[in-house]
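Residue-level structural notes
For reference, the chains in residue letters:
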Amino acid sequence: MLLKSGAYNNVFKKRLLEIASDAEDIFTVTPKKSIRINTLKAEKEEIVKKLSDYIIEEMPWYEHGLWVRDEISKTIEHHLGYFYIQEAASMLSAIVLSPSKHEFIVDMCAAPGSKTTQMAMMMDGEGVIIANDVNSKRIKALAHNVQRGGAKNVIITNYDARYMPAMEADKILLDAPCTASGKIMYENVQKKWNYNRIRIMSRKQKQLMKTAYRLLRKEGEMVYSTCSLEPEENEEVIDFAIRELGMETLPFKIEGIKMREAITSWREKEFDDSIKNCRRVWPQDNGTEGFFICKLKKF
Ligand SMILES: C[S@@+](CC[C@H](N)C(=O)[O-])C[C@H]1O[C@@H](n2cnc3c(N)ncnc32)[C@H](O)[C@@H]1O
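Residues numbered from 1 in each chain as written. Predicted model: local features only at pLDDT ≥ 70, side-chain atom pairs only at ≥ 80, totals over all residues. Heavy atoms only, no water.

**Observations concerning the confidence of the model for the protein chain**
Basically, it comes down to this: The predictor reports its confidence for every residue as pLDDT, a score running from 0 up to 100. Pairs of residues are marked as contacts when any of their non-hydrogen atoms sit within 4.5 Å.
Residue-level pLDDT values for the protein chain average 95, and 97% of them are 70 or greater. Predicted confidence is poor over residues 3-7, with pLDDT under 50, and the contacts of this stretch with residues over four places away or in other chains come to eight contacts.

Shown next as structure tokens:
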């Protein structure tokens, strides 16, 4: 259910207006449903033909993404894993990480597996992905989605990612647990929003970032992403990675989607200037949920 502007928490509103003068426009957005074609199992042309009643249009920033109508989950093609129902902005993390065949990838917080299965398809089922999640209930969904998607190169683990054993990954995806305030147009997210949760998440995200650094090989790259709009969960975590861990941000470009630069300061904090390489996806710019994404390198 969508709530109109004015019905949400005033503290949230005040905070977001400090970042973007058009922040209230978030509440005018009803994110469209989207799917990602699973190229491990199906051809785009075939899906577009079979599901023509459901498909609205192609996604401008991703050749495998399509905007669709809601009821598509009941189709046989969905049950067969020919496509994955995935939020449009969330497709960016794997695109930016760009895993390739033969690489060793660690997806630290992987359930229910939208990005794991996206990466498996980008790797054409070769190389290895360790798909980890701490939540055993969500692991079931992850296992189901990996199997349904025909992702053969995925190993599932069930660690608290902060304590994962040593390994030397070529690339890491840290799609971190967060307050999900990029989905604030939904009533259930609004009800849960409070500042305390942001601080708790921020602490955990920094711990996870520390582990990501430890698991990554030298010269390895990682993507940090969240569906939160809070600076404490985004820029502050990246600033920690730069200043405390010595990581460097990398620029990236994706055509067809409007992304805004990360903010360089928040209240009393000035962030490292290279934070500008990170991107914020605001709902009102593309009709998606809100998202934050950053590419980093270990030296
Ligand atoms: C944003 S969701 C991940 C979504 C997933 N990457 C996808 O694309 O489908 C965050 C996940 O982090 C997991 N999580 C939370 N704390 C964790 C921890 N300490 N270690 C590992 N996973 C954790 C949650 O169970 C949740 O599944």
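**Details of the pairing of strand β8 (residues 169-175)**
Test applied: Remark: exposure states derive from per-residue accessible area (1.4 Å probe, protein chains only) relative to the maximum for the residue type, with buried under 20%, exposed over 50%, and partly exposed in between. We count a stretch as a helix when DSSP gives it H or I for four or more residues in a row; a strand needs E for two or more, and each element gets its number in order from the N terminus. One bridge is not enough; two strands pair if DSSP finds at least two bridges between them.
The buried count for β8 comes to seven of seven residues, which makes it a mostly enclosed element. Sheet analysis places strand β5 (residues 104-107) next to β8, joined by three bridges and oriented parallel. Looking at the pairing, Val106 lines up with Ile172 of β8. Pairing between β8 and strand β9 (residues 216-226): six bridges, direction parallel. In the sheet register, Asp175 faces β9, and the bridge partner there is Ser225.

**Structural notes on the sheet that holds strand β3 (residues 65-68)**
Here is the rule: Helix axes are fitted only over the stretch in contact, all axes being lines through C-alpha atoms; the angle between N-to-C directions runs from 0 to 180 degrees.
With antiparallel pairing, four strands are arranged side by side in an open sheet as β2-β3-β1-β4. Strands at the two margins of the open sheet, each flanked by one partner only, are β2 (55-58) and β4 (83-85). Each adjacent strand pair in this sheet contributes to an overall mean axis angle of 35 degrees, direction not counted. Alignment of strand β1 (residues 33-37) against β3, held across four bridges, turns out to be antiparallel. Residue pairing across strands places Ile35 opposite Leu66, the latter belonging to β3.

**Structural notes on the layout of surface pockets**
Quick note on the threshold: The way it works is a 1 Å grid over only the protein atoms, where trapped points that fit a 1.4 Å probe form a cavity and open points with protein on both sides within 12 Å along at least five of seven lines form a pocket, and then any residue with an atom within 4 Å of a point lines it. Grid points are joined across faces, edges and corners, and a volume is the space filled by probe spheres set on the points. Each residue is assigned to one of three groups, with Ala, Val, Leu, Ile, Met, Phe, Trp, Tyr, Cys and Pro labelled nonpolar, Asp, Glu, Lys and Arg labelled charged, and all others, Gly among them, labelled polar. The domain boundaries here were taken from an automatic or database domain assignment.
Within this model, the largest pocket holds a volume of roughly 1200 Å³. The wall of the largest pocket is formed by 48 residues, among which Ala111, Pro112, Arg138, Lys183 and Cys227 lie closest to the centre. Of all the secondary structure elements, the ones that give two or more residues to the lining of the largest pocket are β1, β4, α5 (114-122), β8, α7 (187-192) and α8 (195-215). Looking at the lining of the largest pocket element by element, the count peaks at four residues for α8. In terms of residue class, the lining of the largest pocket is built from 22 nonpolar, 11 polar and 15 charged. Both domains that furnish three or more residues to the lining of the largest pocket are identified here as domain 1 (10-23 + 89-297) and domain 2 (32-86).

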